[in-house]
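Listed here are the chains, written in short residue letters.
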Amino acid sequence: MKSKRDHSIGRYWDECANVVTGCTPVSRGCDNCWAKKMAARGLPMLRGKGNAKVPFETVLCHEERLDKIRNAKPGTIMPVTFLGDLFHEDVPAKFIHDVYEAMQDNEKAIFLVLTKRPARMRDFLCEIFSIEMSVIEYGNFCFPDNIWWGVSIEDQDSYNKRMSTLMHCCCEQKFVSFEPLIEAIDFNEVDAYGAVINTKYLEYSTSFGETVFNYLKWVIAGAETKAGKRPADNNWFRSLRDQCKENNVPFYLKQLTDGSRVLDAKTHSEMPKGVEA
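Here's what I pulled together on the structure shown here. Predicted model, so just to flag it, every value in this text is computed and none were measured.

**Topic: the packing of helix α4 (residues 118-134) against helix α5 (residues 156-167)**
No. 1: Where α4 meets α5, the closest approach of the two axes is 9 Å, and the angle between their N-to-C directions is 5 degrees. In terms of orientation, α4 lies roughly parallel with respect to α5. Judged by residue contacts, P118, A119, M121 and R122 of α4 engage R162, T165 and L166 from α5.
No. 2: Here the contact of α4 with α5 is composed, by residue class, of 4 nonpolar, 1 polar and 2 charged.

If you want it as structure tokens, here you go:
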């Protein structure tokens, strides 16, 4: 398959399924929502049945787009949606299961599930784990390694809440998208066990020197670049890059505030281990 990725513009995926469209704000990262602006312009992918234009706050589940997941070619990197959130409270549990089964059945493509609502993702993964373990006579159940589970983080508050929850998810393929990054983050405020640490009073945790980065398979980062953008300090990305390098985590920098991908005379387009660039 010829890849549709274009690292010159920070495109690390091939095609997006967009099985869920529409969303509601949950944190500061939603303030300049790109998808909401696309909905206002009438983007066809955000329309409902009969090509009807609907408010972005109306969450739609597009069952017909599950075929994109089922038919994705080997080696494809396919985000489940960039125009909504699979774990939004308005998405029926059955539809989440249908999406999971479609991804599970196509083991030769790679699927990215990115959410700002990791508590529901954690609960879903626990449910799947319990169901699978109940029918296994010997051994243990592992989630398919072609399905990657991630959270979107923009500031310290979202880091503490979402990274903590991600660390409690019973899956190995974890990734994080720090986009849009709008604030410096103290990465020590969440330890490898998912505990939130008050670094003003505690200089260490009980995780024996491990950090959350020991359990991440990939880190993506980017700044806002459009009108009304909140400028990101390049030092925030340097700190993130250095944490990744220290812990051998692939680091992908989508863009800085000026739209450039060059940080310290270098572009960072590292892909997860085993994934072709």
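**Topic: the side chain of N247**
No. 1: Mapped onto the elements, N247 comes out in the loop between α6 (234-246) and β8 (251-255).
No. 2: With relative accessibility at 18%, the residue N247 sits in the buried group.
No. 3: Within the structure, N247 has its side chain in polar contact with the backbone oxygen of Q243 (distance 2.9 Å).

**Points about helix α3 (residues 93-105)**
No. 1: With 13 residues, α3 ought to run about 18 Å at 1.5 Å a step, and its terminal C-alpha atoms sit 18 Å apart, in line with that.
No. 2: Within α3, burial applies to F95, I96, H97, D98, V99, Y100, A102 and M103.
No. 3: For α3, the secondary structure elements touched by its buried residues are β1 (20-21), β2 (60-61), α2 (66-70), β4 (110-115), α4 and β5 (147-152).

**Description of the environment of A35**
No. 1: Tracing the backbone through its elements, the reader meets A35 in helix α1 (residues 34-40).
No. 2: For the pair A35 and D157, spaced 122 residues apart in sequence, the C-alpha separation works out to 23 Å.

Procedures and definitions
Residues numbered from 1 in each chain as written. Predicted model: local features only at pLDDT ≥ 70, side-chain atom pairs only at ≥ 80, totals over all residues. Heavy atoms only, no water. Axes fitted to C-alpha atoms, helices over the stretch in contact; angles between N-to-C directions. Helix = DSSP H or I, 4+ residues; strand = E, 2+ residues; numbered from the N terminus. Parallel < 35°, antiparallel > 145°, perpendicular 65-115°, else oblique. Contact = heavy atoms within 4.5 Å. Nonpolar A, V, L, I, M, F, W, Y, C, P; charged D, E, K, R; others polar. Buried < 20%, exposed > 50% of the residue type's maximum accessible area, 1.4 Å probe, protein only. Polar contact = N/O pair within 3.5 Å; in protein donor to acceptor, adjacent residues only side chain to side chain. Expected span 1.5 Å × (residues − 1).

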